[in-house]
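For reference, the chains in residue letters:
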Amino acid sequence: MTDSSHHPAQPTTDDIRKPTHWVLSLSCPDQPGIVHAVTGVLAEHGGNISESQQFGDQVSGLFFMRVQVESSASRDELTTALDALAPRFDMTWTLDAVGRPIRTLVLVSTAAHCLNDLLFRQRSEALPVDIVGVVGNHTDLAGLAEFYGIAFHHIPVTPATKADAEARLLALVRDLDVELVVLARYMQILSVDLCQALAGRAINIHHSFLPSFKGARPYAQAHDRGVKLIGATAHYVTANLDEGPIIEQDVERVDHAKDVDAMVRLGQDVERRALARAVRWHAEHRVLLNGHRTIVFR
């Protein structure tokens, strides 16, 4: 009979921690040794790097890095190691599991194209977001949200009720543990306080033309001026209207044969594409703020 006391117990499946695919993004003042130090910490924790991108900006003097790494180390273990490293380089960093859906709240008015596109992509293309609610200042898109099984919250906005409406919106953000707010053709100007409360986690899409046309019926204005390019810009929301850090832009060429209705259809398609890419890149931690600009690791 074998004396099992002399043989170490073999690890079971439960004892062996399965590797997790992590994404680490960081920024800090540029200096020698950053990449060596970061990859060294990951190697010490059994990390196998599957993707790595970095950029040193000579204008701002900042260094940006995004790394995907497989490691059996826990989040707490990696966090402790990165916390210890960060002061050495004055580093700001985030760590998340690759592909984790970001809890997202979408704001809408009456235009359906951007909301429908995001909901469809979430369901069919694994867009890494979890749309936990749709907020509308009108009820026109309640049925669309219901079709996709998403709760619709009607928060009307008037000059007299704007402060209360924004307070209700922020309460939803807190209660639903929202990480990202997407303005999908939401035709309301956010207050300075709300912009500050959502800084770095609110994305807007708006039409942008060369030249730019503001106000009502921008596509009609563009048609009247005979533009050759129409486009859209996805950017982070700031108190400066439509001037936040740009994440993505897209354009479509047009000519004299395109009437206003055709330009509207093309413009909506451009808006959908630009917004979807911006949301995906943000959710995948590919966008890092660099002052009033962005670094996007595609």
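Predicted, not measured: the structure shown is a model, and the values here were computed from it.

Conventions used here
Residues numbered from 1 in each chain as written. Predicted model: local features only at pLDDT ≥ 70, side-chain atom pairs only at ≥ 80, totals over all residues. Heavy atoms only, no water. Helix = DSSP H or I, 4+ residues; strand = E, 2+ residues; numbered from the N terminus. Buried < 20%, exposed > 50% of the residue type's maximum accessible area, 1.4 Å probe, protein only. Contact = heavy atoms within 4.5 Å. Areas by Shrake-Rupley, 256 points an atom, 1.4 Å probe, with all protein chains shown as cover. Lys, Arg positive; Asp, Glu negative; His and termini not counted. Charge placed at Lys NZ, Arg CZ, Asp CG, Glu CD. Core = buried A, V, L, I, M, F, W, Y, C linked by side-chain atoms within 4.5 Å. Pairing = 2+ DSSP bridges. Axes fitted to C-alpha atoms, helices over the stretch in contact; angles between N-to-C directions. Parallel < 35°, antiparallel > 145°, perpendicular 65-115°, else oblique. Left-handed = near helix turned anticlockwise from the far one by under 90°. Nonpolar A, V, L, I, M, F, W, Y, C, P; charged D, E, K, R; others polar. Expected span 1.5 Å × (residues − 1).

A.B. asks: Would you mind going over the overall build of the protein chain with me for this structure?
C.D. replies: Looking only at helices and strands, one finds 8 helices and 13 strands in the protein chain. With the C-alpha coordinates of the protein chain rotated into their principal frame, the extents come out at 90 × 45 × 40 Å. Sorting the 298 residues of the protein chain into buried and exposed places 43% on the buried side. In the protein chain, once contacts between residues fewer than 6 apart in sequence are set aside, the share between residues at least 24 apart is 67%. As displayed, the protein chain offers around 15600 Å² of accessible surface, 52% of which is attributable to carbon and sulfur atoms. Considering the protein chain, the positive charge centre built from 28 side chains and the negative charge centre built from 36 side chains are found 7 Å apart.

A.B. asks: Can you help me understand the nonpolar core in this one?
C.D. replies: One broad rule of soluble globular proteins: the nonpolar side chains tend to lie buried together. Grouped together as the largest cluster of nonpolar side chains are 33 residues, with contacts concentrated most on Val 106, Leu 115, Leu 118, Ile 131, Leu 275 and Val 279. Every element with two or more residues in this core is listed here: strand S5 (102–108), helix H3 (113–124), strand S6 (129–136), helix H4 (142–147), strand S8 (180–183), strand S9 (202–209), strand S10 (229–236) and helix H8 (260–283). A total of 7 residues in this core trace back to one element, the largest contributor, which is H8. Apart from residues lying up to four places away in sequence, Val 279 is in contact with Leu 118, Leu 127, Val 129, Leu 180, Val 182 and Ile 203. Judged by nonpolar contacts, the second largest core, of 23 residues, contains Leu 24, Val 38, Met 65 and Ala 86.

A.B. asks: Sorry, what's going on with the sheet that holds strand S4 (residues 92–97) here?
C.D. replies: The pairing of strands in a sheet happens through backbone hydrogen bonds and is either parallel or antiparallel. The antiparallel open sheet is built from 4 strands, whose spatial order is S2-S3-S1-S4. Of all the strands in the sheet, the pair left with one neighbour each is strand S2 (48–57) and S4. For this sheet, the mean inter-axis angle between neighbouring strands, taken without regard to orientation, is 10 degrees. Pairing geometry for strand S1 (residues 20–29) and S4, over 6 bridges, is antiparallel. Within S4, the residue paired with Leu 26 across the bridge is Trp 93. Strands S1, S2 and strand S3 (62–71) of the sheet are contacted by helix H1 (residues 34–44), whose axis makes an angle of about 20 degrees with S3.

A.B. asks: Would you take a moment to explain the packing of helix H7 (residues 218–225) against H8 for this structure?
C.D. replies: At a minimum axis distance of 9 Å, the contact between H7 and H8 shows a crossing angle of 120 degrees. One element, H7, and the other, H8, form an angle in the oblique class. Regarding H7 and H8, the two cross each other, and that crossing is right-handed. Of the residues in H8, those touching H7 at Tyr 219, Ala 220, Ala 222 and His 223 are Val 260, Met 263, Val 264, Gly 267, Gln 268 and Glu 271. The residue makeup of the contact of H7 with H8, split by class, is 6 nonpolar, 3 polar and 1 charged.

A.B. asks: Just to check I follow, could you spell out H3 for this structure?
C.D. replies: Along an α-helix, residues three or four positions apart point the same way, because every turn accommodates 3.6 residues. Relative to the 16 Å expected for 12 residues at 1.5 Å per residue, H3 spans 16 Å between its end C-alpha atoms, a close match to the ideal helical length. For H3, the set of buried residues is His 113, Cys 114, Leu 115, Asp 117, Leu 118 and Leu 119.

A.B. asks: Just checking my understanding: could you explain the environment of Ile 49 for this structure?
C.D. replies: Here Ile 49 shows up in strand S2. Look at Ile 49 and you get partly exposed, because its relative accessible area is 34%. For the pair formed by Ile 49 and Ser 60, sequence separation is 11 residues and the distance between their alpha carbons is 27 Å. For Ile 49, the contacting residues outside a window of four places in its chain are Thr 39, Leu 42, Val 67, Gln 68 and Val 69.

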